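Structural features, examined
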Amino acid sequence: MKNRFVYLDNNATSPLDPAVREVFIAALDLYGNPSSMHMFGREVREEVEKARREVARLTGSTPGEIIFTGGGSESNNTVLKSILHPDHPRHRGKIITCSIEHPCVLETVNYLKTLGVPVEIIPVDSHGRIDMEALEAALDDTTALVSVMLANNEIGTIQDLAEIARRAHKYGALVHTDAVQAIGKIPVDVEKLEVDYMSMSAHKLYAPKGIGALYRRKKAPLFPLIHGGHQEEGMRAGTINGPSIIAFGEAARIAGELLEEEHRRLSGYRKRLLDGISALIPEIHINGDPEHVLPNTLDISFFAAEGESILLYLDLEGIAVSTGSACATGSLEPSHVLMATGIDTELAHGSIRFSLGRFNTEEEVDYLLEKLPPIIERIRKMSTVRSREVQN
Ligand SMILES: Cc1ncc(COP(=O)(O)O)c(C=O)c1O
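Described in the following lines is the structure provided in the data block. Because the structure is predicted, anything quoted here is derived from the model rather than measured.

Comments concerning the sheet that holds strand 9 (residues 284-287)
Strand order in the open sheet formed by four strands is 9-10-13-12, and the pairing between neighbours is antiparallel. Both outer strands of the open sheet, strand 9 and strand 12 (322-323), are each paired with one neighbouring strand and no more. The pairing of strand 12 with strand 13 (residues 351-355) spans two bridges and is antiparallel. If you follow S322 over to strand 13, its bridge partner there is R353.

Encoded structure:
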């Protein structure tokens, strides 16, 4: 196969679905302010409410429980920082979260800690599943909020949220889940998960960036992060981003329609990739849970090969993946997610995340399987030569 472009980084962000793009472009002409009472406002407001119904439908919630926000980070921040409000029933109570959360949760709880809010970080096992005993031990009547992600962005591990919520609710704690990576990939139903809050982001769902939503169970305590106008029931001030919300609604509708079919198709590709890599490349370590895992996510550590080198060589072949380590941003720190699962630093540095999406084909999976083995071999040879040179 000749050189081509293969995007296998759908957990970082997804391309716009052409159908969503069409709706988005058309919505750009609906320039009225949804808060205006005249017809220009009304026509966009109707479309925004339609989008709200679609997001609610995809998540088993009701439209009145959906607040549109500027994305997953904002939704997470809004829930976590609500603890600071004096009217919160467990004002400044303990927050429990877990070690493999996205930085927008971990950095926020670190910030809250500096303000004196008690925070407890629960460890995970080698597959990235939360340690239920540690959770149970941390829970008490002062716990205000338990925040655990539904699916991890790096290793794809899915948590047993219903069980976590049941345990937390026994102590009167509220439960939040960051479902940014789960929505559209696995069935997500807030009733079944028994959560009080759930964060979502449109750009992981083939919709534009900078738009997301927060599910808030009716009457669950919540205080705005952004003050101003009365948009979104006073929970998120600022002129509503009509076109992006409308595109998000269409993306949610499509995701619901394709959920089962895509789950089956991507699970098949993931298996093809995993079987292929296991057969063709020796000395690998699969990160994440073998059973409770997103259908599109495969994270592998390659012994004696730097993740950054693999990424760059694949990039030269037109294949886009991501590495768990943050070297690209100038830091040499290995992924906090992989380190939390207990693998050694060297293996964490040799990890690559393949995240499949709606527009990937079986042919692309095979293209990767053709290009990857010689790349790993070349990198391993170079690192052997280098380590001999260092020894000499
Ligand atoms: C698990 C998880 N939570 C939150 C976010 C942040 O979402 P957003 O980019 O919409 O702020 C991301 C995005 O990378 C994510 O993967």
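Digging into the packing of helix 1 (residues 18-27) against helix 8 (residues 242-280)
At a minimum axis distance of 8 Å, the contact between helix 1 and helix 8 shows a crossing angle of 155°. Between helix 1 and helix 8, the interaxial angle falls into the category roughly antiparallel. Helix-helix and strand crossings are classified by hand; for helix 1 and helix 8 the assignment is right-handed. Along its contact with helix 1, which presents A19, V20, V23, F24 and A27, the element helix 8 presents P243, S244, I246, A247, E250, A251 and I254. Per-class residue counts for the contact of helix 1 with helix 8 are ten nonpolar, one polar and one charged.

Quick word on the environment of R253
With respect to the element layout, R253 can be found in helix 8. Of the residues examined, R253 reaches a relative accessible area of 29% and is grouped as partly exposed. Separated by 98 residues in the primary sequence, R253 and I155 place their C-alpha atoms 26 Å from one another. A distance of 3.0 Å separates the side chain of R253 from the side chain of E250, its partner in a polar contact.

Concerning a nonpolar patch on the surface
A surface patch of nonpolar side chains, about 360 Å² in accessible area, is lined by Y31, M39 and F40. Positionally, F40 belongs in helix 2 (residues 39-59). By relative accessible area, F40 is classed as partly exposed at 32%.

Considering the site of the ligand
Around the ligand sit 13 residues, and of these G72, S73, D178, S201 and K204 come closest. Contact between the ligand and G72: an oxygen atom at 2.8 Å from a main-chain N or O atom of the residue. Contact with the protein chains removes 86% of the 390 Å² of surface that the ligand exposes when unbound. Split by residue class, the shell around the ligand holds three nonpolar, eight polar and two charged.

Quick notes on the pairing of strand 7 (residues 197-201)
Side chains on a regular strand alternate between the two faces of the sheet. Counting buried residues along strand 7, five of its five residues qualify, which places the element largely inside the surrounding structure. Where strand 6 (residues 174-178) lies against strand 7, three bridges are found, and the strand directions are parallel. Residue pairing in the sheet places D178 in a bridge with S199 of strand 7. The pairing of strand 7 with strand 8 (residues 212-216) spans five bridges and is antiparallel.

What to know about the nonpolar core
In terms of nonpolar packing, the biggest core is built from 65 residues, with F68, V146, M198, M200 and F248 touching the most fellow members. Of all the elements, helix 8 adds the most residues to this core, at eight residues. Judged by nonpolar contacts, the second largest core, of 27 residues, contains L266, L314, V321 and I376.

The rules behind the values
Residues numbered from 1 in each chain as written. Predicted model: local features only at pLDDT ≥ 70, side-chain atom pairs only at ≥ 80, totals over all residues. Heavy atoms only, no water. Pairing = 2+ DSSP bridges. Helix = DSSP H or I, 4+ residues; strand = E, 2+ residues; numbered from the N terminus. Axes fitted to C-alpha atoms, helices over the stretch in contact; angles between N-to-C directions. Parallel < 35°, antiparallel > 145°, perpendicular 65-115°, else oblique. Left-handed = near helix turned anticlockwise from the far one by under 90°. Contact = heavy atoms within 4.5 Å. Nonpolar A, V, L, I, M, F, W, Y, C, P; charged D, E, K, R; others polar. Buried < 20%, exposed > 50% of the residue type's maximum accessible area, 1.4 Å probe, protein only. Polar contact = N/O pair within 3.5 Å; in protein donor to acceptor, adjacent residues only side chain to side chain. Patch = residues over 30% accessible without salt bridge, like charges linked within 9 Å, V, L, I, M, F, W, Y side chains within 5 Å. Areas by Shrake-Rupley, 256 points an atom, 1.4 Å probe, with all protein chains shown as cover. Salt bridge = Lys/Arg side-chain N within 4 Å of Asp/Glu carboxyl O. Near = heavy atom within 4 Å. Core = buried A, V, L, I, M, F, W, Y, C linked by side-chain atoms within 4.5 Å.

Everything listed is a geometric property; what it means functionally is a separate question.
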